[in-house]
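# A closer look at the structure
Spelled out from the first residue to the last, the chains are:
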Amino acid sequence: MIKNPYWGKDFFSFFSLFFQRLFTGEVFTGDLASDEVQMFVLMLIAAATSIVGTFLVLKKMTMLANSLSHTLLLGLVAAFIIIQPLSWEEGLNFSTLLIASLVAGLATTFLTDGLTRYLRVQEDASIGLVFTTLFALSIVLVTVFTKNVHLGIEAVMGNVDALHKEDLKLIFGIALGDLLVVSLFFKELKIVAFDPGLASSQGISPNFFNALLMILTAATSIGAFRAVGVLLVLAFLVGLPLTARLLTHRLHLLIPLAAGIGVLCSLVAVALSRHFLSVYQVPLSTAGLVTMTIALAYVISLSLSRCSGKGKTV
Amino acid sequence: MIWDALTDPVLRAPTLGSMLMCLASALVGVIVVLRKRSLVGEALSHAAYPGVVLAALFTALFFPDSEDGFAFIILIGAFLSALLGLWTIELLQTKFRVKADAALCFVLSVFFGCGILIASRVQFTHPLWYQKIQMFLYGQAATMTDQHVVIYGSLCLLTVLFIALLYHPIQAVSFDRDFAKSTGIAVQWLEGATFFLLVLAIVIGIRSVGVVLMSGMLIAPVVAAKQWTHRLFTLFVLSALFGTLSGFFGNYFSTEIPRWVSGKFSLPTGPMILLCASLFCFFSLLLSPGSGLLSRCFRIYKFRRKCRQENVLKAYWKGDEPDASRFFLWILYMQGWLRKDGAGYHLSPDGRHRAAQIVRLHRLWEVYLVDYMGQGVERVHRNAEEMEHILTPELEKELTILLQDPKRDPHHQPIPGKEGL
């Protein structure tokens with residue numbers, strides 16, 4: 001275990017040290033300090049979620065994303081049962097991720113759809129029913145298999161301190177994948193988001209792209225899951241696009257802007273977390289801090305857009 | 001024995017407590033689900049979490065010895081913070097015109113994040129209290145005492161009383177908001193009161209179900225109950241029944257399952273309660289006589305079989321060879337529609353009558369389509385092939401009068417006469 005250079009730094013000296021390490025290239029050559037791992041993971045999460053989240057917000061599918069972020073715990077349980085005995089600490093490899101996100105994405109979409117279509121449950125109720133049931137099932141399974149209540153709690157709260165470099169690689173891969181898929185299908189996704197009727201008349205299947213988006217969301221949330229837990233992923237997925245939406249109404253600016261705000265928020269949150277630890281000796285949850293920073297960013301953007309009179313609405 | 005859960009002095013309080021809590025949420029759930037606002041419950045239950053944490057911190061700082069006071073303060077804290085969440089959702093939606101789903105998700109995650117943030121502070125300074133907060137994530141009924149049951153029981157009674165007193169306005173608003181408005185019901189006030197009630201039910205419920213799964217308990221009992229009745233009163237009663245039963249069994253299994261797998265761990269009550277409610281829901285969706293999946297499949301099967309039977313009889317009537325298996329024909333024979341003679345089957349008098357009736361309906365419909373709908377003669381056959389199985393005797397009567405009992409169809413085929421008309 002190397003000594004963490006950020007130990008005892010306050011908010012501002014944290015930044016000066018970080019930029020110093022960044023410019024001297026120590027970050028890239030030497031070992032990453034745990035603060036830096038957290039920061040980069042959160043930044044990448046911010047980038048990945050703003051790519052996906054923008055479309056979710058535009059298509060009013062965020063409640064489905066909420067249910068997805070719950071059901072992916074079942075996906076993870078399924079993946080662990082299929083591939084390997086339940087070992088949480090090692091992190092996730094690619095095949096686990098793939099199976100889990102496919103199971104979660106498809107199970108959520110099809111069950112919710114099936115309940116509405118074949119069992120004639122009204123839509124909001126079927127969303128609520130499916131994800132709470134699947135989540136309850138996975139909590140019971142996790143608790144019974146590991147004989148430990150703690151994992152279930154960590155699932156909703158996240159644990160930034162347990163992150164290591166493997167997570168960084170994984171989330172980097174996910175962010176890259178999101179970027180690739182979205183830039184490949186940008187035009188199609190855009191049309192589907194704004195005018196599904198036009199899309200199907202042009203031979204672009206809205207159902208296919210909805211499913212694609214759900215699977216992307218599932219993969220992204222799983223990447224974020226170990227860091228911030230299933231619920232705070234939503235703050236990224238919804239909060240960042242909403243914040244960016246206050247500042248611009250052009251889609252191709254919206255995504256980078258959301259990602260930029262997210263990156264800034266992660267930076268500030270990790271620095272704040274270190275600051276509280278160094279100055280007040282209080283360890284605060286970094287995941288909670290990021291969420292609050294995003295909320296703060298929303299409020300600031302809100303007042304900015306109000307002042308300049310360009311208030312955009314989502 | 002399973003009933004020990006109700007009589008055993010240690011198990012009694014948790015069991016009764018979870019039953020009461022689920023009763024409250026199942027009742028309020030009816031109103032919320034009927035208004036199609038059930039996902040608000042999801043956001044509000046998470047919004048209650050920072051209140052729980054703050055209340056714990058408050059108690060830890062000022063009344064560290066008061067065990068009963070803690071339950072009470074937590075109720076107030078959760079209530080206030082859920083109300084704040086509700087207000088924020090309304091503000092985002094109306095003032096800043098954020099879409100409903102995004103507003104719910106945003107409030108949900110931000111409030112929950114705030115809760116986690118404060119919880120991490122509590123974990124550091126007051127680890128014992130942190131343990132108590134964690135119970136509210138997935139619910140833990142086991143540590144409830146009789147005093148808690150009294151508190152939760154009276155709150156639950158409050159909910160029941162409220163619904164009982166406002167039953168008629170609630171009914172009117174749930175099914176026809178405009179009508180309710182026109183009869184002078186203060187709809188806005190009532191909706192405000194309903195949200196108040198929702199917050200109350202959530203605050204009551206999170207002790208045993210937990211904030212994460214609370215919204216499921218607002219939905220599952222109601223969806224289950226909706227399968228069995230179309231009357232609002234019965235819906236309330238059945239939903240309350242399903243909710244209470246899930247509370248009972250969920251609590252029971254959450255203490256029993258760790259014993260079965262002989263593990264030294266505690267299973268949170270919330271997931272088990274919810275799974276029980278979902279099981280009720282699943283079986284109701286599958287088995288209920290009116291709208292259940294099985295009964296609907298059976299009705300579809302019966303209708304398809306009727307159509308096939310009638311097509312076979314029609315084929316015999318026209319003198320064609322029917323397209324059906326020997327078994328199918330044998331069944332028709334056993335039912336008395338067909339008669340056997342040497343080489344094959346032919347129509348019995350009953351069968352002849354029924355086949356003629358079908359042909360009559362078919363051709364009447366064709367006449368109607370041509371004369372009244374102005375469709376081309378060559379195009380009406382396909383539609384009539386379907387309608388002949390659907391037309392009722394009443395409709396036939398109407399058609400006969402409207403078309404003045406025609407003798408020939410558009411293809412110049414004779415229409416079999418209606419005896420006794």
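To be clear, the structure that these remarks concern was listed above.
In short, a report on the structure. (Residues numbered from 1 in each chain as written. Chains lettered and ligands numbered in written order. Predicted model: local features only at pLDDT ≥ 70, side-chain atom pairs only at ≥ 80, totals over all residues.)

### As for the interface of chain A and chain B
The condition that has to hold: Note on contacts: each residue gets a C-beta atom placed from the backbone, and two residues are in contact if those atoms are within 7 Å. A run of H or I in DSSP becomes a helix once it reaches four residues, and a run of E becomes a strand once it reaches two; helices and strands are each numbered from the N terminus. Lys, Arg, Asp and Glu make up the charged group, whereas Ala, Val, Leu, Ile, Met, Phe, Trp, Tyr, Cys and Pro make up the nonpolar group; the residues left over, Gly among them, are polar.
Across the boundary between the two partners, chain A contributes 51 residues, which contact 52 residues of chain B. Elements represented by at least two residues in the side of chain A that touches chain B include exactly α4 (62-83), α6 (123-146), α7 (150-157), α11 (206-247) and α13 (286-307) of chain A. If one sorts the elements of the side of chain A that touches chain B by residue count, α6(A) sits on top with 14 residues. For the side of chain A that touches chain B, a count of residues per class yields 33 nonpolar, 14 polar and four charged.

### Topic: the pairing of strand β1 (residues 338-341) of chain B
All names here are of chain B. As a reminder of what qualifies: By the convention used here, strands pair only if DSSP detects at least 2 bridges between them.
Here β1 runs beside strand β2 (residues 344-347); their pairing, made up of four bridges, is antiparallel. Of the residues in β2, the one forming a bridge with R339 is H346. Between β1 and β2, which pair antiparallel one after the other, the connecting turn spans two residues, and G342 there sits at a positive phi close to 50 degrees.

### Here's the deal with the packing of helix α17 (residues 349-372) of chain B against helix α18 (residues 380-387) of chain B
Residues and elements named next belong to chain B. Test applied: To define axes, lines are fitted to C-alpha atoms, for helices over the stretch in contact only, and angles between the resulting N-to-C directions are given on a 0 to 180 degree scale. Working rule for angles: under 35 degrees goes down as roughly parallel, over 145 as roughly antiparallel, 65 to 115 as roughly perpendicular, anything else as oblique. Less than a right angle of anticlockwise turn of the near helix away from the far helix marks a crossing as left-handed, whereas a clockwise turn marks it as right-handed.
Orientation of α17 relative to α18, taken along the N-to-C sense of each, is 135 degrees, at an axis distance of 9 Å. One element, α17, and the other, α18, form an angle in the oblique class. The hand of the α17/α18 crossing is right-handed. Taking contact as the criterion, the partners of H362, W365, E366, L369 and V370 in α17 are, on α18, V380, H381, N383, A384 and M387. Residue composition of the contact of α17 with α18, grouped by class: six nonpolar, three polar and one charged.

### Examining unusual backbone geometry
Residue and element names in this part refer to chain B. Threshold: Exposure criterion: with C-beta atoms placed from backbone coordinates, a residue whose C-beta has 20 or more other C-beta atoms within 10 Å is buried, one with 12 or fewer is exposed, and one in between is partly exposed.
Phi at R97 is positive, roughly 50 degrees, even though this residue is not glycine. The residue R97 is located in the loop between α5 (67-94) and α6 (100-125) in this model. Residue classification places R97 among the exposed positions, given that 12 C-beta atoms sit within 10 Å. A positive phi angle, close to 55 degrees, is found at Q404, a residue other than glycine. Along the chain, Q404 falls in the segment after α19 (393-402).

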